[in-house]
Amino acid sequence: MAGIVVVFDFDNTIIDCDSDNFVVDGLGATDLFNELLPTMPWNSLMARMMKELYSRGKTIEDIVEVLRTTPIHHRIVAAIKAAHALGCDLRIVSDANVFFIETILKHLGLEECFSEINTNPGYVDEEGRVRISPFCDFTSSPHGCSLCPPNMCKSVIIERIQASIEARKRMIYLGDGVGDYCPSLKLREGDFVMPRKNFPLFDKICQNPLALKAEIHEWTDGEEFEHILLNLINTIAIEQNAAAQLITTDCKLQTISVSGHEAFRKALPV
């Protein structure tokens, strides 16, 4: 299935929660988070919360322990492994951060399934504190998209992926949030979008489904996630195989036609 690229959001798509909130709540910092939320962008707030947790004596091990308990439907894990085994190119485009995502994927045994993780930088510094920064420096180089949060426009990433792959390759995009609407608008005819039902992306699409060129397939839980994703992969594979066979047949017919013409032309002098 080398002709299929599957792009996943992470929070509330692969995992069944928001990883930022899950860590903040799990380490007892919810009240401060809610107090600061109206005063700064989300990504900046998470950087501040990591500083606060460090000052409270919370260690990297504490954060990792919380991340290892992140809820995820077992059928989603199975679906990702199956799609990877089928040869699909799997990528993540998320407004979470590298440290959270990689920690969770490693715990689930999924880290080798993805060819690329596009998200906010996140790393552990020499003092043992998690540092989070924006994917896009919105102070010096704003992306200029009014649909997306200041730190990340996912369309920029999707357009880069589209430019880097062959035009014949098909894309499946899975997401749930408002930030997944903008990249959904960039999908081409023949692509598919899988919005999570009754989440902001689904609600936004329902307001004007004709704004999208991609075919829409909503899902609600891990079982539907797996069933729809693998069915779409199978459908694309069948279509691509049929197209390849048609091209092969056409080539053979052209060869026969040319060979016959040459034989006829050569026979005339006789």
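Residues numbered from 1 in each chain as written. Predicted model: local features only at pLDDT ≥ 70, side-chain atom pairs only at ≥ 80, totals over all residues. Heavy atoms only, no water.

### Quick word on the pairing of strand E3 (residues 114-120)
On a regular strand, each side chain points to the face opposite its neighbour's, so the side chains alternate between the two faces of the sheet. Bridge count for strand E2 (residues 89-97) against E3 is 5 bridges, and the pairing is parallel. The residue bridging Val93 from the neighbouring strand is Asn118, located in E3. Crossover connection from E2 via helix H6 (residues 98-108) to parallel E3: handedness right-handed. (Pairing = 2+ DSSP bridges. Helix = DSSP H or I, 4+ residues; strand = E, 2+ residues; numbered from the N terminus. Right-handed = clockwise from strand over helix to strand, strands pointing away.)

### Thoughts on the nonpolar core
Across soluble globular proteins, nonpolar side chains have a tendency to be buried as a group. In terms of nonpolar packing, the biggest core is built from 54 residues, with Phe8, Phe114, Ile172 and Leu229 touching the most fellow members. Among the elements that take part in this core, helix H10 (residues 222-267) stands out by supplying 6 residues, more than any other. Aside from chain neighbours lying at most four places away, what touches Phe114 is Phe8, Ile14, Ile80, Leu90, Arg91, Ile92 and Leu105. Counting residues in each nonpolar core, the second largest holds 17 residues, with Val93, Ile161, Val193 and Ile205 among its members. (Core = buried A, V, L, I, M, F, W, Y, C linked by side-chain atoms within 4.5 Å. Buried < 20%, exposed > 50% of the residue type's maximum accessible area, 1.4 Å probe, protein only. Contact = heavy atoms within 4.5 Å.)

### Some points on a negative patch on the surface
A contiguous patch of negative charge on the surface is contributed by Glu218, Asp221, Glu223 and Glu224. Taking the relative accessible area as the measure of exposure, Glu218 reaches 33% and is therefore partly exposed. (Patch = residues over 30% accessible without salt bridge, like charges linked within 9 Å, V, L, I, M, F, W, Y side chains within 5 Å. Areas by Shrake-Rupley, 256 points an atom, 1.4 Å probe, with all protein chains shown as cover. Salt bridge = Lys/Arg side-chain N within 4 Å of Asp/Glu carboxyl O. Lys, Arg positive; Asp, Glu negative; His and termini not counted. Charge placed at Lys NZ, Arg CZ, Asp CG, Glu CD.)

### Describing the pairing of E2
Counting buried residues in E2 gives 8 out of 9 residues, a clear majority hidden from the surface. In terms of strand pairing, strand E1 (residues 4-8) meets E2 through 4 bridges, oriented parallel. Counted as the bridge partner of Val6 is Leu90 from E2.

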